[in-house]
Amino acid sequence: MDRNRIYLFDTTLRDGEQSPGVSLNLDEKLEIAQQLNRLGVDVIEAGFPIASPGDFAGVQKIARHVKGPVIAALSRANRRDIDRAWEAICEAESPRIHTFLATSDIHLQYKLQKSREEALVQAVEAVKYAKKYCSDVEFSAEDASRSDMDFLVEVVEKVIEAGATVVNLPDTVGYAVPEEFGKFIRTIMERVPNVDKAIISVHCHDDLGMAVTNSLAGIMNGARQVECAVNGIGERAGNASLEEIIMALYTRRSFYEKAVAVNYEEIYRTSRLVSSLTGMVIQPNKAIVGKNAFAHESGIHQDGVLKERSTYEIMSPELIGLSRSNLVLGKHSGRHAFNERLQELGYTLNEEELDRAFNSFKELADKKKEVTNDDLEALIKDQVWAVPERFKLTYLHISSGTSIVPTATVKLAIENMVFEAAATGDGPVDAACHAVDKITDIYGKMHDYKLVAVSGGKDALGEVISHIEIEGEKFNGRGLSTDIIEASVKSYINAINKYYYEQQRHAGLNQPEPSGEERS
């Protein structure tokens, strides 16, 4: 067994999807799982099957279609949850049941109303029961970092004895600090007599901004699996960031002397995909994948980098899949040059996807003098990762000003029919959304709205990401245009299309959709 090998357990699709406002459909979950497979993570925690029918279906779909990594399903420490978890992952090439139970006194007293003795019995029974289904069983001691050490040592020993192959010791509420957490893991390694029969794992939250450093401290003291999420998304302040863990171990490999088996050039694309599909914008100063991570504005820094990159850059942007090509694309650029640039950026499209993306590129190039790499990535997200368009914006007219009531006229194509409606609102976007409501008879409530300039300049593409609630469910909407009002309306329509798509899926309708004439 290679003690220097660190296993990457990605929980983007489970803990990450629990981020406020994030809701992924089945195809989006599968797309992320496939990209995580391309990145080369060891374990994909696909979801929490008992949580909802949608969660179950997502885990099951990933288990059926993603080959290579271990596919894990989360369950509480009870038979009903474990049964449901196994039902979801039983077709996986390498399935794992991940069961958990809190071990801290504060959780035992106030959440579970159980004694330590009862919790120990339940944990052991859960592992034994899961083991009947699956040889690979992980046990997590929730809130481990705030648990009594003597009790935790006993729990870890007993669940390993019961058959746990991995024991996870989470800093569930992000309370630990690195020196303390490192000593905590080292104590477990020293005091649990059968610890060599399982892999010790860490799962750190970022409430105090120390999830990555705590995880690395755990690794330095014996943990061999680290649980993290792309872009650090997750409950509250989030999880340890997958890309930061990977690049810390790579860049400081002479210090950590640990290795992960990943395709480094897929890091950037994975980050962008997750950001796009979850609607969680990456802050510019985010380590590794932020817009400014490899930018240099200071003259001294620029001079140093031009003379020798290592003066101010400790890692290569190309290593993570970030292209620095200066070739300018514009309205006269051909399909071949366009496709070459996409491949440089890490995107390989089939003919149909390439046709759609190239047509969108030409439309954009007519509006912008130069099309940047950021623009191209935005187009790919808009064209390739979109849900089928039941409703498509074909016309938008806005009348607005300081002394008039904002009014919008909207035309939507539905199949081969075009429908038109006009409405007023508190602002031009509100008015346009009301007009969309009239046509679709689907009424959404906007909970969050983000406008991001994809690139610089007055002709920059605007990307609008919104969280829309429709009939109690939340959907991420995304729109792209050089006109920010058009981008806003497209984002709203995108969320409505996702809602309609999910309704069709739940109804099991695989036959062609009704035409516009039949709808009216």
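This structure is a prediction, so every number in the text was calculated from the model and none was measured.

Here is what the cut-offs are and how they apply
- Residues numbered from 1 in each chain as written.
- Predicted model: local features only at pLDDT ≥ 70, side-chain atom pairs only at ≥ 80, totals over all residues.
- Heavy atoms only, no water.
- 1 Å grid on protein atoms, 1.4 Å probe; cavity = no way out; pocket = protein on both sides within 12 Å on 5 of 7 lines; lining within 4 Å.
- Points joined across faces, edges and corners; volume = space filled by probe spheres on them.
- Nonpolar A, V, L, I, M, F, W, Y, C, P; charged D, E, K, R; others polar.
- Helix = DSSP H or I, 4+ residues; strand = E, 2+ residues; numbered from the N terminus.
- Buried < 20%, exposed > 50% of the residue type's maximum accessible area, 1.4 Å probe, protein only.
- Pairing = 2+ DSSP bridges.
- Right-handed = clockwise from strand over helix to strand, strands pointing away.
- Patch = residues over 30% accessible without salt bridge, like charges linked within 9 Å, V, L, I, M, F, W, Y side chains within 5 Å.
- Areas by Shrake-Rupley, 256 points an atom, 1.4 Å probe, with all protein chains shown as cover.
- Salt bridge = Lys/Arg side-chain N within 4 Å of Asp/Glu carboxyl O.
- Axes fitted to C-alpha atoms, helices over the stretch in contact; angles between N-to-C directions.
- Contact = heavy atoms within 4.5 Å.
- Phe/Tyr/Trp six-rings, centres within 6.5 Å; stacked < 30°, edge-to-face > 60°.

J.: Whenever I open this one, empty space enclosed by the protein confuses me. Can you help?
T.: Which parts of space are left empty comes out when a probe the size of a water molecule is rolled across the atoms. Scanning the entire structure with this criterion turns up two cavities of 30 Å³ or more. Here the largest cavity defines a volume of roughly 40 Å³. If you trace the largest cavity, you find it lined by Arg3, Met189, Val195, Asp196, Ala198, Ile199, Ile200, Gly222 and Arg224. The residue inventory of the lining of the largest cavity, partitioned by class, reads five nonpolar, one polar and three charged. Of the volumes computed, that of the second largest cavity is approximately 30 Å³. Leu39, Val230, Leu242, Glu243, Ile267, Thr270 and Ser271 together form the lining of the second largest cavity. Listed by contribution, the elements that provide at least two residues to the lining of the second largest cavity are helix 9 (242-251) and helix 11 (267-278). By residue number, the principal contributor to the lining of the second largest cavity is helix 11, which donates three residues. Classifying every residue of the lining of the second largest cavity by side-chain character gives four nonpolar, two polar and one charged.

J.: I keep staring at the pairing of strand 2 (residues 43-47) and nothing clicks. Help me out?
T.: The side chains of a regular strand alternate, first on one face of the sheet and then on the other. Among the five residues that make up strand 2, five are buried, leaving the element largely enclosed by the rest of the structure. In terms of strand pairing, strand 1 (residues 7-10) meets strand 2 through two bridges, oriented parallel. Opposite Asp10, over in strand 2, you have Ile44 as the bridge partner. A crossover connection joins strand 1 to the parallel strand 2 through helix 1 (residues 26-39); in handedness this β-α-β unit is right-handed. Two elements, strand 2 and strand 3 (residues 70-76), share four bridges in a ladder whose sense is parallel. Across the sheet, the residue bridging to Gly47 is Ala73, located in strand 3. Between the parallel elements strand 2 and strand 3, the chain passes through helix 2 (residues 53-65) in a crossover that is right-handed.

J.: Help me understand the environment of Asp2, please; the structure alone is not making it clear to me.
T.: With respect to the helices and strands, the residue Asp2 is situated in the segment before strand 1. In this structure Asp2 comes out as partly exposed when scored by relative accessible area, which is 46%. Expressed as a C-alpha distance, the spacing of Asp2 and Leu273, which sit 271 residues apart in the sequence, is 32 Å.

J.: Would you take a moment to explain a nonpolar patch on the surface for this structure?
T.: Where nonpolar side chains cluster on the molecular surface, the patch consists of Met446, Tyr449, Leu451 and Ile484 and spans about 340 Å² of accessible area. Within the fold, Leu451 resides in strand 12 (residues 445-453).

J.: Is there a simple way to think about the sheet that holds strand 9 (residues 392-399) in this case?
T.: Two pairing modes exist for strands in a sheet, parallel and antiparallel, and in both the strands are linked by backbone hydrogen bonds. One open sheet accounts for three strands, arranged 9-10-11; its pairing is antiparallel. The open sheet has two edge strands, strand 9 and strand 11 (417-424), and neither has a second partner. Across the sheet, the axes of successive neighbouring strands diverge by a mean angle of 15°, strand direction being ignored. The pairing of strand 10 (residues 407-414) with strand 11 spans eight bridges and is antiparallel. Residue pairing across strands places Val410 opposite Ala421, the latter belonging to strand 11. With respect to the sheet, helix 17 (residues 484-507) is in contact with strand 9 and strand 10, its orientation differing from that of strand 9 by roughly 135°.

J.: I tried to follow the side chain of Gln60 on my own but got confused; where do I start?
T.: One can find Gln60 in helix 2. When residues no more than four places from it in sequence are discounted, the contact partners of Gln60 are Glu87 and Ala88.

J.: Mind showing me how you'd approach the packing of aromatic side chains here?
T.: Two aromatic rings, taken as a pair, are described by how far apart their centres are and by the angle between their planes. Taken as a whole, this structure holds eleven aromatic pairs when the rule is applied. Note on Phe255 and Tyr256: the rings are 5.0 Å apart at their centroids and 85° apart in plane angle, and the pair reads as edge-to-face. Under the relative-accessibility criterion, Tyr256 is labelled buried at 15%. With 4.9 Å between their ring centres and 25° between their planes, Phe338 and Phe361 make a pair best called stacked. With Phe338 in helix 13 (residues 335-344) and Phe361 in helix 14 (residues 351-367), the pair connects residues that are 23 residues apart, well separated along the chain. Given the relative accessible area of 1%, Phe338 is considered buried. Phe361 gets classed as buried once you look at its relative accessible area, which sits at 0%. Here a set of aromatic residues connected by ring pairs shows up, and it is made of Trp86, Tyr129 and Tyr133.

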